[in-house]
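A look at the structure
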Amino acid sequence: AAQAAPQTIGSVFEVKSGAFGTPPSGARTAKHLDDGVVLNEFIETVPDGALQLSLLDQTTLSVGGGSKLVLDKMVYDPATRQGSSVINFAAGTFFWVTGNTITKKDIVLNTPTASIGIRGTEFSMQIGKDGATQISVVEGLVDMTSKVTGEVLSIPAGHNANVNASGRMSTLRVGVPHTGDASIDTVVAKAEEKVATAQAKAAARAGADVIAVI
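Predicted, not measured: the structure shown is a model, and the values here were computed from it.

**Observations regarding the overall build of the protein**
- Scanning the protein from terminus to terminus reveals 1 helix and 17 strands.
- Over its C-alpha atoms the protein spans a radius of gyration of 18 Å, differing by no more than 12% from the 17 Å that the globule rule assigns to 214 residues.
- When burial is assessed residue by residue, the protein has 44% of its 214 residues classed as buried.
- In the protein, once contacts between residues fewer than 6 apart in sequence are set aside, the share between residues at least 24 apart is 44%.
- Surface summary for the protein: the accessible area is close to 10,400 Å², and the carbon and sulfur share equals 56%.
- Distance between charge centres in the protein, computed from 17 positive and 20 negative side chains, equals 3 Å.

**Quick look at the side chain of Ser146**
- With respect to the element layout, Ser146 can be found in strand 14 (residues 141-146).
- At a separation of 3.1 Å, a polar atom in the side chain of Ser146 contacts the main-chain amide nitrogen of Thr149.
- Not counting chain neighbours up to four residues away, the residues in contact with Ser146 comprise Thr113, Glu151, Val163, Gly167 and Met169.

**Some details on the nonpolar core**
- Counting residues in hydrophobic clusters, the biggest one holds 34 residues, and the most contacted among them are Leu69, Phe89, Leu109, Ile116, Phe123, Ile135 and Met144.
- It is strand 9 (residues 82-97) that contributes the most residues to this core, 4 residues altogether.

**Brief notes about the pairing of strand 2 (residues 19-22)**
- Sheet topology places strand 2 next to strand 5 (residues 42-45); 4 bridges connect them, and they run antiparallel. Looking across to strand 5, one finds that Phe20 is bridged to Glu44.
- Sheet analysis places strand 2 next to strand 3 (residues 29-30), joined by 2 bridges and oriented antiparallel. Of the residues in strand 3, the one forming a bridge with Gly21 is Thr29.

**Quick look at the packing of aromatic side chains**
- Considering all chains together, one arrives at 1 aromatic pair under this definition.
- Here the aromatic rings of Phe89 and Phe94 are separated by 4.6 Å at their centres, their planes lie at 70°, and the arrangement is edge-to-face. Of the two residues, Phe89 and Phe94, neither departs from the other in class, the shared state being buried.
- Above the face of the Phe20 ring, Arg28 is positioned so that its terminal group lies 3.9 Å from the ring centre.

**As for the environment of Ser11**
- Examined against the element boundaries, Ser11 turns out to sit in strand 1 (residues 8-16).
- Judged by relative accessible area, Ser11 falls into the partly exposed class, the value being 27%.
- For the pair Ser11 and Val188, spaced 177 residues apart in sequence, the C-alpha to C-alpha distance is 21 Å.
- Not counting residues up to four positions away in its chain, the partners in contact with Ser11 are Asp35, Gly36, Val37, Gln52, Leu53 and Ser54.

**Points about the pairing of strand 9**
- Burial analysis of strand 9 places 12 of its 16 residues in the buried class, the great majority of the element.
- Both strand 7 (residues 60-63) and strand 9 contribute to a ladder of 4 bridges, which runs antiparallel. Paired with Leu61 across the strands is Trp96, a residue of strand 9.
- Inspection of the sheet shows strand 8 (residues 68-77) paired to strand 9 by 9 bridges, in the antiparallel sense. Paired with Leu69 across the strands is Phe89, a residue of strand 9.
- Linkage of strand 8 to strand 9, two consecutive antiparallel strands, is achieved through a turn of 4 residues, within which Arg81 is found at a positive phi near 60°.
- Strand direction decides the pairing type here: strand 9 and strand 10 (residues 107-110), joined by 4 bridges, are parallel. From the neighbouring strand, Ile87 faces strand 10, where its bridge partner is Leu109.

Rules used throughout
Each chain has its residues counted from 1, following the order in which its sequence is written. Side-chain atom pairs in this predicted model are given and counted only at pLDDT of 80 or more, local residue features only at pLDDT of at least 70, and totals for whole chains, interfaces and linings cover all residues. Water and hydrogen atoms were dropped before computing side-chain values, which therefore reflect all heavy atoms in the structure. We count a stretch as a helix when DSSP gives it H or I for four or more residues in a row; a strand needs E for two or more, and each element gets its number in order from the N terminus. Radius of gyration here uses only the C-alpha atoms, and the compact-globule reference equals 2.2 Å multiplied by the residue count raised to the power 0.38. Relative accessibility under 20% of the residue-type maximum defines a buried residue, over 50% an exposed one, and the middle range a partly exposed one, all with a 1.4 Å probe and only protein chains included. Only heavy atoms matter for contacts: two residues are in contact if any of them lie within 4.5 Å across the pair. Only the protein chains shown count as cover for residues, and the accessible areas themselves come from Shrake-Rupley with a 1.4 Å probe. Charge assignment in this entry is limited to Lys and Arg as positive and Asp and Glu as negative, and neither His nor the chain termini are counted. Lysine's charge is taken at NZ, arginine's at CZ, aspartate's at CG and glutamate's at CD. Pairing of N or O atoms within 3.5 Å defines a polar contact, subject to two protein rules: one partner must be a possible hydrogen donor and the other a possible acceptor, and residues neighboring in sequence count only if both atoms are side-chain atoms. Here, nonpolar core means buried Ala, Val, Leu, Ile, Met, Phe, Trp, Tyr and Cys residues that are tied together by side-chain atoms lying within 4.5 Å of each other. Each pair of strands is called paired provided DSSP finds at least two bridges between the two strands. Pairs were defined over the aromatic rings of Phe, Tyr and Trp, the Trp ring being its six-membered one, requiring ring centres within 6.5 Å. Orientation was assigned from the angle between planes: stacked under 30 degrees, edge-to-face over 60, tilted for the rest. For a lysine, the NZ atom is tested; for an arginine, the CZ atom; a charge sits over a ring if that atom is within 6 Å of the ring centre and within 35 degrees of the ring normal.

Below, the structure is given as structure tokens:
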């Protein structure tokens, strides 16, 4: 019997040259705009490559240069907005924007040294060749667990932290530092601008409410 085709779990909606995908038992091919992405596909970019993926639940994953990841699991029901996913990041620079899944505790992002739990958020992730992992949160909250020590650190918006190559967790630091990858830093800057605008509008509304009460 013919083998069933792998499940399509997303698509490419922006791409720079030098992005490739290798599906299970398939050949490595260049990724182009609107190409599908399937379960267990190995995605990689050359040092100056980049692409953006839109996953089943409308999660946006930006992939910078010299990056490698495998989309290990992705289940999503649009009717209930329930889903689960597991993505294994081997190396590189990324920016994650959570989509419509309401069961965010069932989204797990793995790196060689850390496991990342999401609570509705936008953040950048840098993974060195030695597996060291840095998370910088623009919006929301991320729980980072060291795979070596088991220590868990919650990283709120406007903060960053890292797990080094030996699995040691840093302290929580203020700021969202640039990654050094031009394509990812552009996405980070846009996200920060969006958050700042939303905060300004909220503050203006709060001010208007105060005036109305008086």
